Amino acid sequence: MAKLAIIGGTGLSALDGLNILEQHSVSTPFGSPSGAILEGELHGKTVFFLPRHGAKHTIPPHKINYRANIWALHYLGVDRIVAVAAVGGIRDDLAPSVLAVPDQIIDYTYGREQNFYSDDFTSDKHIDFSYPYDENIRQQLLQSALNNKIMMVDGGTYGATQGPRLESAAEIKRMAQDGCAMVGMTGMPEATLARELNIAYATCALIVNWAAGLSDGLITMAQIEQTIAGGMTQVKQILADVIRSQ
Ligand code: HPA
């Protein structure tokens, strides 16, 4: 049976209404995941949930053990992941509060463990990553948004930066020239690790601020938190639909 997991990002540290059946504390060859993986029932279906920054949002993007998280989900039999991410908007149509389902990635991170095979590399480990996101899950997210009359942008390149600081205006200008539509700190290596283990993976992105240099003034956490509070309600509606239609 197909098993769906939600990876929660900033603003989604818990799944409201989840009737928890089990808490899996998985130890992996790569260390510990961000916390116990919750298995529960929501909208009549089984779903797994893992907040990538930890239940209390204490793990910054560059310290997340992405390998342990993805390995643990795979160990539990998860074969589909919807990753929720708060991002900065770069492209004109990606203003704060807009939802988007990216279709490409550019990785600007460094020093993160990128694969499961660093110590045991053989030639067949060059995974195809031409299209980083699973098209079926992407379409399911878009359909769920449509069902709920929520506007959701189809496509756009997610630029993954190292963090935890936000970018400079010049960095965002360069990313825009590269073709990035949005910027976040956690999309990589999460997506490529899921691909390595054959887990279908897509991202539901909530734009929470204009990226650096694209609005008057500085980016404040207060603004971001305010946008998250409103936007996550819509994200949860969309997730509910995806869970129901499993
Ligand atoms: N940059 C990087 N990551 C982010 C941003 C941003 O502007 N907003 C939310 N996550």
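These figures come from a predicted structure and were not determined experimentally.

Asker: Pulling in residues and values, what's your account of the overall build of the protein?
Answerer: Of regular secondary structure, the protein possesses five helices and 11 strands. Seen through its C-alpha atoms, the protein measures out along the principal axes to roughly 45 × 45 × 30 Å. By residue count, 51% of the 246 residues in the protein fall in the buried class. Carbon and sulfur atoms make up 50% of the accessible area of the protein, which totals about 11200 Å². When the 18 positive and 25 negative side-chain charges of the protein are each reduced to one mean point, those points stand 3 Å apart.

Asker: Give me the lowdown on the site of the ligand, citing residues and values where you can.
Answerer: Around the ligand, the surrounding shell consists of Ala-86, Val-87, Gly-88, Leu-166, Glu-167, Val-183, Gly-184, Met-185, Val-208 and Asn-209. In the environment of the ligand, a nitrogen atom lies 3.2 Å from a nitrogen or oxygen atom belonging to the backbone of Ala-86. Residue Glu-167 places a side-chain N or O atom 2.7 Å away from a nitrogen atom belonging to the ligand. Every element with two or more residues in the shell around the ligand is listed here: strand E5 (80–89), strand E10 (180–184) and strand E11 (200–210). Counting residues per element, the shell around the ligand draws most heavily on E5, which supplies three residues. Its residues assigned to classes, the shell around the ligand shows six nonpolar, three polar and one charged.

Asker: Describe the pattern of salt bridges, naming the residues involved and giving the relevant values.
Answerer: A side chain with one charge may pair with a side chain of the opposite charge, provided their charged atoms come close. A full pass over the atoms with the stated rule returns eight salt bridges. The salt bridge involving Arg-52 is made with Glu-190; its shortest N-O contact spans 2.9 Å. Placement of the pair is Arg-52 in the loop between strand E4 (45–51) and helix H1 (66–75) and Glu-190 in helix H4 (residues 187–196), with a sequence separation of 138 residues. Judged on exposure class, the residue Arg-52 and its partner Glu-190 are both buried. As a salt-bridge pair, Arg-138 and Asp-154 come within 2.3 Å of each other at their nearest N and O atoms. One end of the pair, Arg-138, is in helix H2 (residues 135–147); the other, Asp-154, is in strand E8 (residues 152–154), and 16 residues separate them in sequence. By relative accessible area, which is 3% here, Arg-138 ends up buried.

Asker: Can you lay out the side chain of Thr-186 for me, pointing to particular residues and giving the numbers?
Answerer: Relative to the helices and strands, Thr-186 is located in the loop between E10 and H4. When near neighbours in sequence (up to four residues on either side) are disregarded, Thr-186 contacts Arg-52, His-53, Pro-61, Ile-64, Tyr-66, Arg-112 and Tyr-158.

Asker: Kindly report on the packing of H2 against helix H5 (residues 221–244), identifying the contributing residues and their values.
Answerer: For the pair H2 and H5, the least separation of the axes is 9 Å and the interaxial angle reads 115°. At the point where H2 passes H5, the crossing takes the right-handed sense. For the pair H2 and H5, the contacting residues are Gln-140, Leu-141, Ser-144, Ala-145 and Asn-147 in the first and Ile-238, Asp-241 and Val-242 in the second. Grouping the constituent residues of the contact of H2 with H5 by class yields four nonpolar, three polar and one charged.

Asker: Go over the pairing of strand E3 (residues 37–42) with me, naming the residues and quoting the values.
Answerer: Of all six residues making up E3, five are buried, and the element is well covered by its neighbours. Where E3 hands over to E4, the hairpin turn is made up of two residues, of which His-43 adopts a positive phi near 55°.

Asker: Could you give me a rundown of the environment of Val-98, with the residues and numbers involved?
Answerer: Position of Val-98 among the secondary structure elements: in the loop between E5 and strand E6 (99–101). For Val-98, a relative accessible area of 12% translates into the label buried. Each C-alpha atom of the pair Val-98 and Gln-234 lies 9.9 Å from the other, and the pair is 136 residues apart in sequence. Apart from residues no more than four positions distant in its own chain, Val-98 is found in contact with Asp-93, Met-151, Val-153, Ala-205, Leu-206 and Ile-207.

Asker: I'd like a rundown of the packing of aromatic side chains, residues and numbers included.
Answerer: Scanning the model with the defined rule gives three aromatic pairs in all. An angle of 15° between the planes, with centres 6.3 Å apart, marks the rings of Tyr-133 and Tyr-201 as stacked. Pair noted here: Tyr-133 is in the loop between strand E7 (104–107) and H2 and Tyr-201 is in strand E11, with a separation of 68 residues, a long-range link.

Asker: Can you lay out the packing of H1 against H4 for me, pointing to particular residues and giving the numbers?
Answerer: Running from N to C, H1 and H4 cross one another at 35°; their axes reach a closest spacing of 9 Å. Considering the relative orientation of H1 and H4, their crossing is right-handed. Where H1 approaches H4, its residues Tyr-66, Arg-67 and Ile-70 are matched on the opposing element by Met-188, Pro-189, Glu-190, Leu-193 and Ala-194. When grouped by side-chain class, the residues that make up the contact of H1 with H4 number six nonpolar, no polar and two charged.

Asker: I'd like a description of unusual backbone geometry, backed by residues and values.
Answerer: Cis geometry marks the peptide bond from Gly-163 to Pro-164; its omega dihedral reads -5°. Mapped onto the elements, Pro-164 comes out in the loop between strand E9 (157–160) and helix H3 (169–178). The phi torsion at His-43 lies on the positive side, around 55°, for a residue other than glycine. Within the fold, His-43 resides in the loop between E3 and E4. Given a relative accessible area of 36%, His-43 falls into the partly exposed group.

Each value, and the rule that gives it
Residues numbered from 1 in each chain as written. Predicted model: local features only at pLDDT ≥ 70, side-chain atom pairs only at ≥ 80, totals over all residues. Heavy atoms only, no water. Helix = DSSP H or I, 4+ residues; strand = E, 2+ residues; numbered from the N terminus. Buried < 20%, exposed > 50% of the residue type's maximum accessible area, 1.4 Å probe, protein only. Areas by Shrake-Rupley, 256 points an atom, 1.4 Å probe, with all protein chains shown as cover. Lys, Arg positive; Asp, Glu negative; His and termini not counted. Charge placed at Lys NZ, Arg CZ, Asp CG, Glu CD. Near = heavy atom within 4 Å. Polar contact = N/O pair within 3.5 Å; in protein donor to acceptor, adjacent residues only side chain to side chain. Nonpolar A, V, L, I, M, F, W, Y, C, P; charged D, E, K, R; others polar. Salt bridge = Lys/Arg side-chain N within 4 Å of Asp/Glu carboxyl O. Contact = heavy atoms within 4.5 Å. Axes fitted to C-alpha atoms, helices over the stretch in contact; angles between N-to-C directions. Left-handed = near helix turned anticlockwise from the far one by under 90°. Pairing = 2+ DSSP bridges. Phe/Tyr/Trp six-rings, centres within 6.5 Å; stacked < 30°, edge-to-face > 60°.

So yeah, pure geometry; function would need other evidence.
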